[in-house]
Amino acid sequence: MFSIIPDGAGYREFVLLKDGQGIYLRIATPEDVDRVETFIRGLSQEALSMRFMGGISRIARKFVEELCVENPHLRACLLAVEGEGAVERVLGLGNYVGEGGANAEVSFMVADEHQGRGISSLILERLAGLAAGAGYLGFEADVLYENEKMSNVFRDSGFETRRAMEGGIIHVHFPLSAPQAQRERAEIRERVAAANSLVPLLRPETVAVVGASRDPGSVGNAIFRHILQGHFKGVVYPVNPHARAIEGVRAYPSLDSLPEAPDLVVLAVPATKVVPMAKAALDKGARGLLALAAGFAESGPEGARRQERLLHLARSRGARLVGPNCLGLLNTNPAVQLNASLASAMPPRGRVGFFSHSAALGVVILKYAAERGLGFSTFVSAGNRADVSGNDLLQYWEEDPDTDVALLYLETFGNPRRFARLARRISHRKPVLCVKSARSHAGRRMAQAHIGASPRDDAEVEALFHQAGVIRADTLEELFDIALLLSHQPLPRGNRVAVVSNSGGVATICADACESNGMQLSGPGVVDLHTMATAEHYERACLAALEHPEVDALIATFACIGDCDPNLVARAIRRAAVRAERATGIAKPTLLSLMGVSGAVAVGAAGALGDGGGVHRTFPSYRFPESAALALSKVVDYAHFRMQPPGRILSYDDLDAGEARRRVEHLLEGAAEGSAPRVLNATQARELLACFGVAVAEAAPSLSLPKPTAITLGLSADPDFGPIWRFRRTGVGSILRITPLTNLDVADVIQRLHLSPDCGLAETLGRLTHLVEELPWLSSIEAQVLVPAESTAAGLALQPSPRLAFTQVGFRTQ
């Protein structure tokens, strides 16, 4: 995806092609001349003709040397490479030449055997970011009419291209910005590539277990045994140089001796042997690695270096890595049935994808979830998540037809800004439910000790979840309470709830919990059937509640007194749900609190009541009514989020981001990396903000007008979360939001500040959002927004635009 890259000189990034294989993109340097020359000599005559627009048999070395000049302000060449060291090879390249003008000329070359894999599209996006960071405003290119592949790259990029044809040559020009179409197409490419990259891990056809042992107490034996006992549908090879067979299966002395290349290699060996075994696996052709051992980044500097070496090795070969220091992974799909984990039994099949940072906790959670009737589609224990993270799993689950709910146990974020962008999109299709631990100082210290990463303060996390529509659970118990509801019941259409109970005390507790969690008792409200209520009483009361037009959800509680059968009551409630949905055509979530029973309660067989399987026949049951009310309230909030259209960044036609970037570049001339921020003076701030159409207060407001409302506005650049906004109004408190701000974020901020939607602040914040996105060197903003009060003159309501009184605008090199 296009984003401005401020420091092009040291740029290097691991990216995924659309087939899921990884490559590195990096800036060419003079040391690459021989490597690039070898690549160009390997191109076909046709490829050379398309690039140089005519017959050419040889490329002069001087041309190659100029390609590898490292000066992004004048020119840059971006290489797509795989391998490392002496065996690193170039798969494709793209370069721009601008010589300091407003526009740069861009061109590409991709090896014939690697065309069609999306290399040119990725290079174009990143080259555009590098050029924008170097001060260029647009790209130009000349393409032969018959060069259909290159024309398609520009056409499908999403950039706003303009074309003109002359003499069989198409001249293409486009500005270096990210319109909505470009973002959408890049997101599609990214999520398809991420999902495909995890196929060797989660849907392998062949698996090798290095370290498989005959010792029943060893990790290698447990993993291999669990794969066999899980009835894996593919082929599994034990690798052990000292054993003829493991669990009755022929063992192989080395990975090189295997009869075929495995898709996934499980490394069940000590930490000191992981890297050499990983290299052997990659040499054999493996595309997925699962490293179980501890002794990496969580163990100190030496382990951190070992982990970095493992990661670089995997990525340089285009493979994906789960771990190290992890439990394993599993997939319950009947066509796969892979349990490559330390969990002794395969969990029940379901439609929940689960990602966990913690290894041991993951095993416990799987067992507990099975006891409560929650099934899984896939499970991944990430451990140190050196490579594969929750962000990757979110994109896999977004494309996975077997997964309806994404469940995350997180202690840290690897890339919070990317998580926010992904979760915003995915939450509109599938619920994302998360427990984020390490909220206290003690918890953060513990997390850093056992996974080797630094957790963040909770305020930023809360803002991220709120903006992205992520359902946050405070405890593991609450996580599964909500997951049960999402897995087995439809989303509610609103916050109106009815309560049916056979205990006035229980009903009172439930009613209190509903209202304290933001829900409204409606329709029949609270129905007290009294202690000796029968199943028939429950059926009639629940039917009346579910058929009521002012009820969106039902909580039915039952306190068993004496010799009673809760299942009779549960079946009666189900009959009511079947009849109500048949009568109204609306599926409404129904929650049970059968006192003493928790989990998923399946009542009746499919079609037993003539419902044709169309009605949800499994109900979440909660031990206490407060748990049911809390779970329902979280799902009500999520349903409200789903009903809104996806947020969008507000657009304006009068922005001059290119001029703003040039001004910042001039400001930072000569500044060393890591030096103190350069702060704008009043004139510089006013001129820079004018590029984005933001008005600056010149003088105090007129005494004839009502006193304006002052909103304190601050922006700081967080190293993990990126730019963070803080808004404060006296008497209201402060609000924290991460960037970018969408139209929904802006409306929410205005509402929470108790301002009128028409106060004009929305446009000011929308324009400032573009300033933040277009100027990645921005380090801080401190200002007051003066929002005029409504006034009247000559019978007309006047609402002047807000003005900003700036205290500081700072930039730093990156």
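So, how was this worked out
- Sequence order sets the numbering: in each chain, residues are counted from 1 along the sequence as written.
- A pLDDT threshold of at least 70 governs which residues receive local features in this predicted model, and a stricter bar of 80 or more applies before side-chain atom pairs are shown or counted, although totals over entire chains, interfaces and linings include all residues.
- Only hydrogens and water are set aside when side-chain values are computed; all heavy atoms of the structure are taken into account.
- Strands here mean DSSP runs of E at least two residues long; helices mean DSSP runs of H or I at least four residues long; both are numbered from the N terminus.
- Every radius of gyration here is taken over C-alpha atoms, with the globule rule written as 2.2 Å times N^0.38, N being the number of residues.
- Each residue gets one of three labels from its accessible area relative to the maximum for its type: buried under 20%, exposed over 50%, partly exposed in between, using a 1.4 Å probe on protein chains only.
- Contacts: residue pairs with any heavy atoms within 4.5 Å of one another.
- Computed with a 1.4 Å probe, the accessible areas rest on the Shrake-Rupley method; for each residue, only the protein chains presented here act as cover.
- Charged residues are defined here as Lys and Arg on the positive side and Asp and Glu on the negative side; His and the ends of the chain fall outside this count.
- We put the charge of a Lys on NZ, of an Arg on CZ, of an Asp on CG and of a Glu on CD.
- By this definition, two strands are paired if DSSP reports at least two bridges between them.
- Every crossover in which the path from the first strand over the helix to the second runs clockwise, viewed with the strands pointing away from the viewer, is termed right-handed.
- Under this scheme, a helix contributes an axis fitted over its contacting stretch, all axes are lines through C-alpha atoms, and angles between N-to-C directions fall in the 0 to 180 degree range.
- Any Phe, Tyr or Trp ring, taking Trp's six-membered ring, that has another such ring centre within 6.5 Å forms a pair; planes under 30 degrees apart are called stacked, those over 60 apart edge-to-face, and the others tilted.
- To estimate the expected span of a helix, subtract one from its residue number and multiply by 1.5 Å.
- One speaks of a salt bridge when a side-chain nitrogen belonging to Lys or Arg is within 4 Å of a carboxyl oxygen belonging to Asp or Glu.
- pLDDT: the predictor's confidence for each residue, scored from 0 to 100.
- Any angle from 65 to 115 degrees is called roughly perpendicular, while one under 35 is roughly parallel, one over 145 is roughly antiparallel, and all others are oblique.
- Here is the rule for handedness: rotate from the far helix to the near one, and if that takes an anticlockwise turn smaller than a right angle the crossing is left-handed, while a clockwise turn gives right-handed.
- Under the convention adopted here, Pro, Cys and the residues Ala, Val, Leu, Ile, Met, Phe, Trp and Tyr are nonpolar, Asp, Glu, Lys and Arg are charged, and Gly plus all remaining residues are polar.

S.K.: Please explain the overall build of the protein as it appears in this structure.
M.R.: Across its full length, the protein holds 24 helices and 36 strands. Relative to the 2.2 N^0.38 estimate, which gives 28 Å for 814 residues, the radius of gyration of the protein is 30 Å and therefore close to what a compact globule would have. Along the longest, intermediate and shortest principal axes, the C-alpha atoms of the protein span 95 × 95 × 55 Å. When burial is assessed residue by residue, the protein has 55% of its 814 residues classed as buried. Long-range contacts, defined as pairs at least 24 residues apart, comprise 73% of the intrachain contacts of the protein with a sequence gap of at least 6. A total of about 33400 Å² of accessible surface is found on the protein, and carbon and sulfur atoms cover 51% of it. A gap of 3 Å separates the mean positions of the 83 positive and 89 negative side-chain charges of the protein.

S.K.: What should I look at first to understand the pairing of strand E26 (residues 590-594) in this one?
M.R.: Both faces of the sheet carry side chains from a regular strand, because those side chains alternate between them. Along E26, five of the five residues are buried, which leaves the element largely enclosed by surrounding structure. One ladder, built from five bridges, connects strand E25 (residues 553-558) with E26; its direction is parallel. Across the sheet, threonine 557 pairs through a bridge with serine 593, a residue of E26. Crossover connection from E25 via helix H19 (residues 566-584) to parallel E26: handedness right-handed.

S.K.: Just to check I follow, could you spell out the sheet that holds strand E5 (residues 103-110) for this structure?
M.R.: Sheet architecture is open: eight strands sit in the order E1-E2-E3-E4-E5-E6-E8-E7, paired in mixed fashion. Looking at strand neighbours, the two that pair on one side only are strand E1 (12-16) and strand E7 (162-166), the edges of this open sheet. Averaged over all neighbouring strand pairs, the angle between strand axes comes to 25°, with direction disregarded. Across four bridges, strand E2 (residues 22-27) lies against strand E3 (residues 75-82) in antiparallel orientation. Bridge pairing in E3 places leucine 25 opposite alanine 80. Those strands touched by helix H10 (residues 301-316) are E1, E2 and E3, and its axis lies near 100° from that of E2.

S.K.: Quick question: what am I supposed to make of the sheet that holds strand E9 (residues 206-210) here?
M.R.: As a general point, the strands of a sheet are linked pairwise by backbone hydrogen bonds and lie either parallel or antiparallel. Within the open sheet, the five strands sit side by side as E10-E9-E13-E14-E15. Their pairing is parallel. The outermost strands of the open sheet, each flanked by one partner alone, are strand E10 (235-239) and strand E15 (320-322). The sheet shows a mean angle of 20° between the axes of neighbouring strands, direction not considered. Bridge count for E9 against strand E13 (residues 264-267) is four bridges, and the pairing is parallel. By the bridge assignment, alanine 208 is partnered in E13 with valine 265.

S.K.: Got a minute to help me understand the packing of aromatic side chains in this structure?
M.R.: Working definition: an aromatic ring pair is given by the centre-to-centre distance plus the angle between the planes. Counting across every chain of the model gives 17 aromatic pairs. Between the aromatic rings of phenylalanine 14 and tyrosine 24, the centroid separation amounts to 5.7 Å while the plane-to-plane angle is 65°, which identifies the pairing as edge-to-face. With phenylalanine 14 in strand E1 and tyrosine 24 in strand E2, this pair connects stretches of sequence that are 10 residues apart. Both residues of the pair, phenylalanine 14 and tyrosine 24, belong to the buried class. Here the aromatic rings of phenylalanine 159 and phenylalanine 174 are separated by 4.9 Å at their centres, their planes lie at 20°, and the arrangement is stacked. With phenylalanine 159 in the loop between helix H5 (148-156) and E7 and phenylalanine 174 in strand E8 (residues 169-175), the pair connects residues that are 15 residues apart, well separated along the chain. Phenylalanine 159 gets classed as buried once you look at its relative accessible area, which sits at 4%.

S.K.: How should I be thinking about helix H24 (residues 761-774) in this particular structure?
M.R.: For the α-helix, the turn length of 3.6 residues means that residues three or four positions removed from each other point alike. Helix length check: H24, at 14 residues, gives a terminal C-alpha distance of 20 Å against a target of 20 Å (1.5 Å per residue), a fit within 8%. Within H24, 11 of the 14 residues are buried, which leaves it mostly tucked inside the rest of the structure. Within the span of H24, buried status applies to Leu761, Thr764, Leu765, Gly766, Arg767, Leu768, Thr769, His770, Leu771, Val772 and Glu774.

S.K.: Would you explain the pattern of salt bridges in this entry?
M.R.: With the rule as written, the count across this model stands at 49 salt bridges. Of the charged contacts in the structure, one is a salt bridge between arginine 663 and glutamate 687, with a shortest N-O distance of 2.9 Å. Of the two residues, arginine 663 sits in helix H21 (residues 657-667) while glutamate 687 sits in helix H22 (residues 682-690), which places them 24 residues apart along the sequence. For glutamate 687, a relative accessible area of 35% gives the class partly exposed. Within the structure, one salt-bridge network assembled from shared partners comprises Glu187, Arg191, Glu398, Glu399, Arg425 and Arg429.

S.K.: Would you mind going over the environment of isoleucine 246 with me for this structure?
M.R.: Within the element layout of this structure, isoleucine 246 appears in strand E11 (residues 245-246). Take isoleucine 246: its relative accessible area is 0%, and that puts it in the buried class. When the C-alpha atoms of isoleucine 246 and serine 44 are compared, they prove to be 50 Å apart, with 202 residues separating the residues in sequence.

S.K.: I'm lost on the confidence of the model for the protein in this one. Help?
M.R.: Residues shown with low pLDDT carry predicted positions that ought not to be read at fine detail. Looking at the protein, the pLDDT average stands at 88 and 92% of residues meet or exceed 70. This stretch, residues 449-453, has a pLDDT under 50; its non-local contacts, to residues over four places away or in other chains, come to 18 contacts. Note on residues 604-614: pLDDT under 50 across the span, and 14 contacts to partners over four residues away in sequence or across chains.

S.K.: Mind showing me how you'd approach the side chain of aspartate 552 here?
M.R.: Relative to the elements of secondary structure, aspartate 552 occurs in the loop between helix H18 (535-547) and E25. When sequence neighbours within four positions are dropped, the list of residues in contact with aspartate 552 reads Pro492, Arg493, Gly494, Asn495, Arg496, Lys588 and Pro589.

S.K.: For this particular structure, what's the right way to read the packing of helix H17 (residues 504-516) against helix H20 (residues 625-643)?
M.R.: Angle between the axes and distance between the axes: these two values describe a pair of packed helices. At a closest axis distance of 8 Å, the pairing of H17 and H20 adopts a crossing angle of 25°. One finds that H17 runs roughly parallel with respect to H20. Here H17 and H20 pass one another in a crossing that is right-handed. The residues of H20 that touch H17, namely those facing Val506, Ile509, Cys510, Ala513 and Cys514, are Pro625, Glu626 and Ala629. Each residue belonging to the contact of H17 with H20 can be placed in one class, and the counts come to seven nonpolar, no polar and one charged.

S.K.: I tried to follow the environment of valine 499 on my own but got confused; where do I start?
M.R.: Tracing the backbone through its elements, the reader meets valine 499 in strand E23 (residues 496-501). With relative accessibility at 0%, the residue valine 499 sits in the buried group. The sequence separation of valine 499 and proline 524 amounts to 25 residues, and the corresponding C-alpha distance is 8.2 Å. For valine 499, the contacting residues outside a window of four places in its chain are Cys510, Cys514, Leu521, Gly525, Val526, Val527, Leu554 and Ile555.

S.K.: Help me understand the packing of helix H6 (residues 180-197) against helix H13 (residues 416-426) in this model?
M.R.: The contact between H6 and H13 brings their axes to 13 Å, and the two run at 100°. Classed by the angle they form, the pair H6 and H13 counts as roughly perpendicular. Contacts from Glu187, Glu190 and Arg191 in H6 reach Arg418, Arg421, Leu422 and Arg425 in H13. Tallied by class, the residues present in the contact of H6 with H13 amount to one nonpolar, no polar and six charged.

S.K.: Any chance you could explain the side chain of glutamate 37 here in plain terms?
M.R.: Tracing the backbone through its elements, the reader meets glutamate 37 in helix H1 (residues 33-41). For glutamate 37, the residues in contact, after removing those within four places along its chain, are Arg61 and Val64.

S.K.: Is there a simple way to think about the pairing of strand E17 (residues 338-341) in this case?
M.R.: Along E17, one buried face is formed by Leu338 and Ala340 and the opposite face, lined by Asn339 and Ser341, is buried too. In the sheet, strand E16 (residues 328-331) pairs with E17 via four bridges, with the strands oriented antiparallel. Residue pairing across strands places leucine 330 opposite asparagine 339, the latter belonging to E17.

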